[in-house]
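Listed below, chain by chain, are the residues.
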Amino acid sequence: MLQRALIFSSSNPICSQLSTTAPPDNTVFPKRNGGWIIPFSSYQLPAFRFRNYRRTLLPPLCSASDSAANRPNMASQDEQDPRISNISSAIRVIPDFPKPGIIFQDITTLLLDTKAFRDTIDLFVERYRGKDISVVAGIEARGFIFGPPIALAIGAKFVPMRKPNKLPGEVLSEEYSLEYGKDTMEMHVDAVKAGERALIIDDLVATGGTLSAAIRLLECVGVHVVECACVIELPELKGRERLGGKPLFVLLSST
Amino acid sequence: MSAYRDKDPRIHGIQSKIRVVPNFPKPGIMFQDITTLLLDPKAFKDTVDLFVERYKGKNISVVAGIEARGFIFGTPIALEIGAKFVPLRKPNKLPGKVISEEYELEYGRDCLEMHLGAVEPGERALVVDDLIATGGTLCAAMKLLERVGAEVVECACVIELPDLKGRRCF
C-alpha cells in the first residue's frame, strides 16, 4: 500500500469576487414517474434488515393537472427529464430513522451510482451555468456533497454553512428552530461580499428552517440569494413557504 | 511524494489561498483553514485537478471522504475519475446498517462509520480528507475499508502537518 500526501502550509488573506446582474425567474419543477423509490439495485444490503421494511409509494412529482395556485414557483412542464427516474430509483428510503415515524431519504445510495450522481450534478449545473452566480453556499454536511461539484462547474466559489464552532475565522451566526429546540448555523463573514449572487444547496428540504437560516445569513451581508436548490423536497412540511419568497428548485418530491 | 516537493506550478497558487488561523480550536493550535481556498474557483479547481490527474485511469472505484471537509474535495474527485463516493461519518448520521471504527483523539476517543454494502470486496479505494495531522482519522478510515475487503490504494490530503507524524500510522 502506498502512503503519500500532497503537502504544504500557508498563511494568506482571503480573496473574493463580486458580480451583479439581473435575477433569473421561475423555479422549474420537473416531473417524475410515480411508483416506488427502491434501493439502488446493485447495493447489496443484509437481508435481515428488510424483514419489516415497508416501501413508500411516492406520488408523481407534479402533473399537468396541478393548479398553478398550488405551485407558485413552478413553470408548467409536462415532460420529465429522462435522467430523473434513475436518480429517483437510486435513493434509498429508510423508515424510522432517526426516530420512529420518520421516513428518511438516504442519498448515500445515489452517490454509489456514478451515472446518477453525475446526472444529479449536471441537472443543477445546466440550470445555473451562465447565470452570473458567484457563490454556492452548501449546508453542512450533505450540502458539501452536492455543492462543491456544482460550484466548480459553474465557476463559483463554495461557501460552507456550518454547525457552531467549526469555522475558525470570524463568523456570523443565525439561530433556527428544530422540531424540538433550536440550532445555529454559521458562515465566515468575509467569505462573501454585498451584491454577490448566491445559490444555496442542500440534499433535502423539509420544514425549510435550515434553508431560511442560510438565506438570512447571506442576505444580512447584502448577498442576493437567487435560488435554493435541493435534490429532494418533502412538500407536506411546506418548507417552500418558509423561504421568504425565495424560489426553490428540486429534482424530486416525496411524501 | 508530494506535489509540493515536485513543485507543480499550481501548488503555489493553492498554498497562497489557505489561511492559517492561530489558536483555533484552542490556544497553541495553528489551524489550516481551507475555506479560503474554496473561495478561489481557479485554485479550488487546480486542487481537484492535481488529485484527478494522479488517480484517473488507476481503476479506483471508491473515493471515501471523511466528514465533513473530506466531502468537499472527495466528491469532485470521485465524479471526475468515475468512482463512487462513500461518506465516512461521525456516529449516528448514516441511516442504514453501518460498521464502526474507534480511534484516538488527543483527549478521548471518537468513532467513524461507513454503510455496510457501500463498498464491495476487492474494490480499489482512495481516502480523502483536507488535512492529515496525527493520522488517527485516516487510519480509522482505512480500517473500515479493509474490514469489508477493499484495497486502500492511497490516502490523499490537501495538507500534511509532518511534525505530527501521521504517516507512521500507515
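The model shown is predicted, which means the values in this text are computed figures rather than measured ones. (Residues numbered from 1 in each chain as written. Chains lettered and ligands numbered in written order. Predicted model: local features only at pLDDT ≥ 70, side-chain atom pairs only at ≥ 80, totals over all residues. Heavy atoms only, no water.)

**Describing the UniProt feature "domain: Phosphoribosyltransferase" (unreviewed entry) in chain B**
Step number 1: With numbering matched to this structure, UniProt assigns "domain: Phosphoribosyltransferase" (unreviewed entry) to residues 49–162 of chain B.
Step number 2: Each end of residues 49–162 of chain B is marked by a C-alpha atom, and these two atoms are 23 Å apart; helix forms 28% of the span and strand 38%. (UniProt positions renumbered as here; feature names shortened; annotations may be inferred. Helix = DSSP H or I, 4+ residues; strand = E, 2+ residues; numbered from the N terminus.)

**Details of unusual backbone geometry**
Step number 1: Geometrically, the link from Glu140 of chain A to Ala141 of chain A is a cis peptide bond, its omega value of -5° lying close to zero.
Step number 2: Locating Ala141 of chain A in the fold gives a position in the loop between strand 5 (135–139) and helix 3 (143–154).
Step number 3: Between Phe24 of chain B and Pro25 of chain B the backbone carries a cis peptide bond, its omega angle lying at 0°.
Step number 4: Within the secondary structure, Pro25 of chain B is located in the loop between strand 1 (19–22) and strand 2 (30–33).

**Remarks on the packing of aromatic side chains**
Step number 1: Counted by the stated rule, this structure contains eight aromatic pairs over all chains.
Step number 2: Measuring from centroid to centroid gives 5.9 Å for Phe124 of chain A and Phe249 of chain A, while their planes differ by 80°, and the two rings are edge-to-face. Taken together, the residues span a long stretch of sequence, with Phe124 of chain A in helix 2 (residues 114–128) and Phe249 of chain A in strand 11 (residues 248–253) at a distance of 125 residues.
Step number 3: Relative accessible area serves as the criterion here: at 1%, Phe124 of chain A is assigned to the buried category.
Step number 4: Looking at Phe249 of chain A, the relative accessible area reads 5%, which means it is buried.
Step number 5: Ring centres 5.8 Å apart and planes at 90° place the aromatic pair Phe71 of chain B and Phe85 of chain B in the edge-to-face group. Placement of Phe71 of chain B in helix 5 (residues 69–81) and of Phe85 of chain B in strand 4 (residues 84–88) is noted, with a sequence separation of 14 residues between them.
Step number 6: Taken together, the ring pairs connect Phe124, Tyr128 and Phe249 of chain A into an aromatic cluster. (Phe/Tyr/Trp six-rings, centres within 6.5 Å; stacked < 30°, edge-to-face > 60°. Buried < 20%, exposed > 50% of the residue type's maximum accessible area, 1.4 Å probe, protein only.)

**Some points on the sheet that holds strand 8 (residues 151–160) of chain B**
Where strands meet in a sheet, backbone hydrogen bonds hold them as pairs that are either parallel or antiparallel.
All names here are of chain B.
Step number 1: Pairing within the open sheet is parallel, and its four strands lie in the order 4-3-7-8. Two strands lie at the open edges of the sheet, namely strand 4 and strand 8, each paired on one side alone. If you compare each strand with its neighbour and ignore which way they point, the axes differ by 25° on average.
Step number 2: Relative to strand 8, strand 7 (residues 124–132) runs parallel, the two sharing eight bridges. Bridge pairing in strand 8 places Leu126 opposite Glu154.
Step number 3: Against the sheet, helix 6 (residues 136–147) touches strand 3 (62–66), strand 4, strand 7 and strand 8, its axis set at about 165° to strand 7. (Pairing = 2+ DSSP bridges. Axes fitted to C-alpha atoms, helices over the stretch in contact; angles between N-to-C directions. Contact = heavy atoms within 4.5 Å.)

**As for empty space enclosed by the protein**
Step number 1: Applying the stated criterion across every chain yields a total of three cavities of 30 Å³ or more.
Step number 2: For the lining of the largest cavity, the elements supplying multiple residues, two or more each, are strand 6 (157–161) of chain A together with helix 3 (35–38) of chain B.
Step number 3: Tallied by class, the residues present in the lining of the largest cavity amount to five nonpolar, three polar and two charged. (1 Å grid on protein atoms, 1.4 Å probe; cavity = no way out; pocket = protein on both sides within 12 Å on 5 of 7 lines; lining within 4 Å. Points joined across faces, edges and corners; volume = space filled by probe spheres on them. Nonpolar A, V, L, I, M, F, W, Y, C, P; charged D, E, K, R; others polar.)

**Structural notes on the side chain of Thr120 of chain A**
All names here are of chain A.
Step number 1: By secondary structure assignment, the location of Thr120 is in helix 2.
Step number 2: The class of Thr120 is buried, set by a relative accessible area of 0%.
Step number 3: Polar contacts involving the side chain of Thr120 include one to the main-chain carbonyl oxygen of Ala116, which spans 2.7 Å.
Step number 4: Every residue in contact with Thr120, bar those within four places of it in the chain, is listed here: Ile87, Leu110, Phe146, Val231 and Leu251. (Polar contact = N/O pair within 3.5 Å; in protein donor to acceptor, adjacent residues only side chain to side chain.)

**Some words on the side chain of Asp130 of chain B**
Residue and element names in this part refer to chain B.
Step number 1: Within the element layout of this structure, Asp130 appears in strand 7.
Step number 2: A relative accessible area of 4% means that Asp130 is categorised as buried.
Step number 3: A polar side-chain atom of Asp130 sits 2.8 Å from a polar atom in the side chain of Arg69.
Step number 4: In contact with Asp130, other than residues within four places in its own chain, are Ile34, Arg69, Phe73, Cys157, Val158 and Ile159.

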